[in-house]
Amino acid sequence: MDDRQETTKTIRPYCGVGCGIAVTDDMRFVPWGDAPVNDGRICIEGGAATEVVEHEDRLTEPMVRDGGDLREAT
């Protein structure tokens, strides 16, 4: 049986450098070994990306500012 997980290659857009990362089926970020920008290494921000995605205060719906308060967009 093959224990390797399927991965999806993507680009980490946060800082604009365009580091390549791979996302596993269980939502872990792992190095994309032949990525042209970062040569298979993940920066500290990329390594912590799942902490941001899973944070309890993360917005999960589009929001608009209404008189200084945020409300869910329609």
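For every chain, the first residue of its written sequence is number 1, and the numbers climb from 1 along that sequence. Two thresholds apply to this predicted model, a pLDDT of at least 70 for residue-level local features and 80 or more for giving and counting side-chain atom pairs, whereas whole-chain, interface and lining totals are computed over all residues. For the side-chain quantities, the full set of heavy atoms in the structure was used; hydrogens and water were omitted.

### Quick word on the sheet that holds strand 2 (residues 19-24)
Within the open sheet, the three strands sit side by side as 1-2-3. Their pairing is antiparallel. The sheet is open, and its two borders are formed by strand 1 (7-12) and strand 3 (29-31), each paired with just one other strand. The sheet shows a mean angle of 45° between the axes of neighbouring strands, taken without regard to direction. Where strand 1 and strand 2 come together, six bridges link them in antiparallel fashion. Each bridged residue has a counterpart across the sheet, and for arginine 12 the counterpart in strand 2 is cysteine 19. When DSSP finds at least two bridges between two strands, those strands are taken to pair. Counting from the N terminus, the helices are DSSP H or I runs at least four residues long and the strands are E runs at least two residues long. Here an angle of 0 to 180 degrees is reported between the N-to-C directions of two axes, which are lines fitted to C-alpha atoms, with helices fitted over the stretch in contact.

### Describing the pattern of salt bridges
Just to be clear on terms, a salt bridge is a Lys or Arg side-chain nitrogen sitting within 4 Å of an Asp or Glu carboxyl oxygen. Inspection of the entire model under this criterion finds two salt bridges. In this structure, lysine 9 engages aspartate 34 in a salt bridge whose closest nitrogen and oxygen atoms are separated by 3.4 Å. Taken together, the residues lysine 9 in strand 1 and aspartate 34 in the loop between strand 3 and helix 1 (44-47) connect sequence positions 25 residues apart. When its relative accessible area of 49% is taken as the criterion, lysine 9 is described as partly exposed. Burial status follows relative accessibility: with a 1.4 Å probe on protein chains alone, a residue under 20% of its type maximum counts as buried, one over 50% as exposed, and anything between as partly exposed. Judged by relative accessible area, which is 57%, aspartate 34 ranks as exposed. Aspartate 66 is the salt-bridge partner of arginine 71, the closest N and O atoms lying 3.2 Å from each other.

### Observations concerning a nonpolar patch on the surface
Patches here: salt-bridge-free residues with over 30% relative accessible area, like charges joined within 9 Å, nonpolar side chains (Val, Leu, Ile, Met, Phe, Trp, Tyr) joined within 5 Å. Every accessible area reported is derived by Shrake-Rupley at a probe size of 1.4 Å, with residue values counting cover from the shown protein chains alone. On the surface, Leu59, Met63 and Leu70 cluster together into a nonpolar patch covering about 260 Å² of accessible area. Among the structural elements, leucine 59 can be located in the loop between helix 2 (49-53) and strand 4 (63-66).

### A short note on the pairing of strand 5 (residues 69-72)
Sheet analysis places strand 4 next to strand 5, joined by four bridges and oriented antiparallel. Among the inter-strand pairings, aspartate 66 is bridged to a residue of strand 5, identified as aspartate 69. Between strand 4 and strand 5, which pair antiparallel in sequence order, lie two residues; one of them, glycine 67, sits at a positive phi of approximately 65°.

### With respect to the environment of valine 52
Positionally, valine 52 belongs in helix 2. A C-alpha to C-alpha distance of 18 Å links valine 52 and aspartate 25, two positions 27 residues apart in sequence.

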